Amino acid sequence: MTRLADHTTLRVGGDASEFYTATSEAELIELVAEADSNSIPVLILGGGSNVLVADSGYKGRVIKVATKGIDEASDACSGGFITVQAGDDWDGFVTWAIGRGFVGVETLSGIPGSVGASPIQNIGAYGHEVSEVIARVRTFDRKEKAVKTLALTDCRFGYRTSLFKEESDRFVILDVAFQMKNGELSLPIQYQELATYLGVSLGDRAPLKEVRDAVVAIRKRKGMILDSEDRDTYSAGSFFTNPIVDADLAPKDSPTWKVSEGKVKVSAAWLIENSGIEKGRRHGGAAISSKHVLALTNKENATASEIYELANLCRAAVRDTFGIELESEVRLFGFA
Ligand SMILES: Cc1cc2nc3c(=O)[nH]c(=O)nc-3n(C[C@H](O)[C@H](O)[C@H](O)COP(=O)(O)OP(=O)(O)OC[C@H]3O[C@@H](n4cnc5c(N)ncnc54)[C@H](O)[C@@H]3O)c2cc1C
């Protein structure tokens, strides 16, 4: 039996009935296809940084994706077309890209997890999203039992969502291809806190490495860089997405961002703090991070149930105070 707590950044989760590590694409497809033909439930795992697995564990086959490799096809005019295996470490890829002078992932520095998971919730941070540089995603389609390549426009990317999240459990991501320009300067800085840190104006560009260093420094302050010495980082990142509501339903004082005519995104962090839940709030061994109210953490030998209950306390407080429903960004396994 393999304890899933050892494979998730929240460090909770019971045993998996079966646990495999797939180091090749062929092995990954075979393990999934064989489980499907025997009706065995499958949980595909990357870095375990966006999942909450119940204390009762996972009754089925957990497959950890550990395929590795970066394949680069560059030409001087258009930049690079870079294909990365699903099991590669996301931040390792970011470091590599910056070192090679590829522009587009610098603000996504320090996000834990695998390259294969990056399209699933269209990871984003500090004003940019991974979909801005994705060219295509190669998958094993479990419904059609075939390898299928999806072009950017087929992936239905949106704020923390994609086709892969909408049709969860259908696609196993095998590799991701990125189209990136070469340059020394970043994409335009679109996030005020980052612009202030860098001493530039919104819309300016800054050297790639300086942007990475700034993002990493800001993330450290918020406990958003994994650090085994810092319990505030024993989390799954932001537990909730920023809810999108009718503009007239957004609380008057909350930070909002317009998403479409009549619709705004409201800061989930503001909603939680203003419904009476403060940083550091404990619930058994679980706690709201002392640095970032959106991160639910394993403060001291927490159980998965305690983290789940703390999430429900946040949801209920926001619902009762503002009538707004918070959606989980984290994928839950084994909860009703
Ligand atoms: C400290 C911290 C900070 C974070 N900051 C951010 C942030 O700034 N922005 C952001 O967007 N996210 C952030 N996250 C969330 C998380 O890091 C990302 O969502 C990341 O992409 C998850 O990658 P993973 O490999 O760990 O996925 P996992 O947690 O292993 O899996 C997540 C989901 O993807 C599925 N999955 C994983 N790999 C595959 C595959 N190859 N094929 C099909 N399905 C797959 C799993 O089944 C599961 O449903 C943060 C998390 C932590 C812990």
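Draft legend 1. The arrangement of the site of the ligand in detail. Within the structure, the ligand sits among 33 residues, and Ile44, Gly46, Ser49, Asn50 and Ser114 are positioned closest to it. Within the contact set of the ligand, an oxygen atom lies 3.0 Å away from a backbone nitrogen or oxygen of Pro112. At a separation of 2.8 Å, an oxygen atom of the ligand approaches a polar side-chain atom of Gln121. Contact with the protein chains covers 94% of the free accessible surface of the ligand, which is 970 Å². Of all elements in the fold, only strand E3 (42-45), strand E9 (124-125), strand E13 (171-182) and strand E20 (331-333) reach the threshold of two or more residues within the shell around the ligand. Element by element, the count of residues in the shell around the ligand is highest for E13, at three residues. Residue classes in the shell around the ligand are distributed as 17 nonpolar, 12 polar and four charged.

Draft legend 2. The arrangement of the sheet that holds strand E17 (residues 282-283) in detail. Strands sit in the order E17-E18-E19 across an open sheet of three strands; the sheet is antiparallel. Looking at strand neighbours, the two that pair on one side only are E17 and strand E19 (296-298), the edges of this open sheet. Bridge count for strand E18 (residues 286-288) against E19 is three bridges, and the pairing is antiparallel. Note that in E19 the partner of Ile288 across the bridge is Leu296. Strands E17, E18 and E19 of the sheet are contacted by helix H7 (residues 304-322), whose axis makes an angle of about 35° with E18.

Draft legend 3. How the structure looks around the side chain of Ser49. Secondary-structure assignment places Ser49 in the loop between E3 and strand E4 (51-53). For Ser49, a relative accessible area of 16% puts it in the buried group. The contacts of Ser49, once residues within four sequence positions are left out, are Thr9, Pro112, Gly113, Ala236 and Gly237.

Draft legend 4. The arrangement of the nonpolar core in detail. Trp90, Phe93, Val105, Phe178, Met180 and Leu194 are the most contacted members of the largest nonpolar core, which has 40 residues in total. Elements with a contribution of two residues or more to this core: strand E7 (79-85), helix H2 (90-99), strand E8 (102-103), strand E11 (134-141), helix H3 (163-166), E13, helix H4 (192-198) and helix H5 (208-221). Beyond its immediate chain neighbours, meaning those up to four positions away, Trp90 contacts Val105, Leu108, Ile111, Gly113, Ser114, Val115, Ser118, Ile123, Val130 and Phe178. Counting 34 residues, the second-largest nonpolar core is a separate cluster that includes Val12, Ile277, Ile288 and Val318.

Quick notes on the rules
- Residues numbered from 1 in each chain as written.
- Predicted model: local features only at pLDDT ≥ 70, side-chain atom pairs only at ≥ 80, totals over all residues.
- Heavy atoms only, no water.
- Near = heavy atom within 4 Å.
- Polar contact = N/O pair within 3.5 Å; in protein donor to acceptor, adjacent residues only side chain to side chain.
- Areas by Shrake-Rupley, 256 points an atom, 1.4 Å probe, with all protein chains shown as cover.
- Helix = DSSP H or I, 4+ residues; strand = E, 2+ residues; numbered from the N terminus.
- Nonpolar A, V, L, I, M, F, W, Y, C, P; charged D, E, K, R; others polar.
- Pairing = 2+ DSSP bridges.
- Contact = heavy atoms within 4.5 Å.
- Axes fitted to C-alpha atoms, helices over the stretch in contact; angles between N-to-C directions.
- Buried < 20%, exposed > 50% of the residue type's maximum accessible area, 1.4 Å probe, protein only.
- Core = buried A, V, L, I, M, F, W, Y, C linked by side-chain atoms within 4.5 Å.

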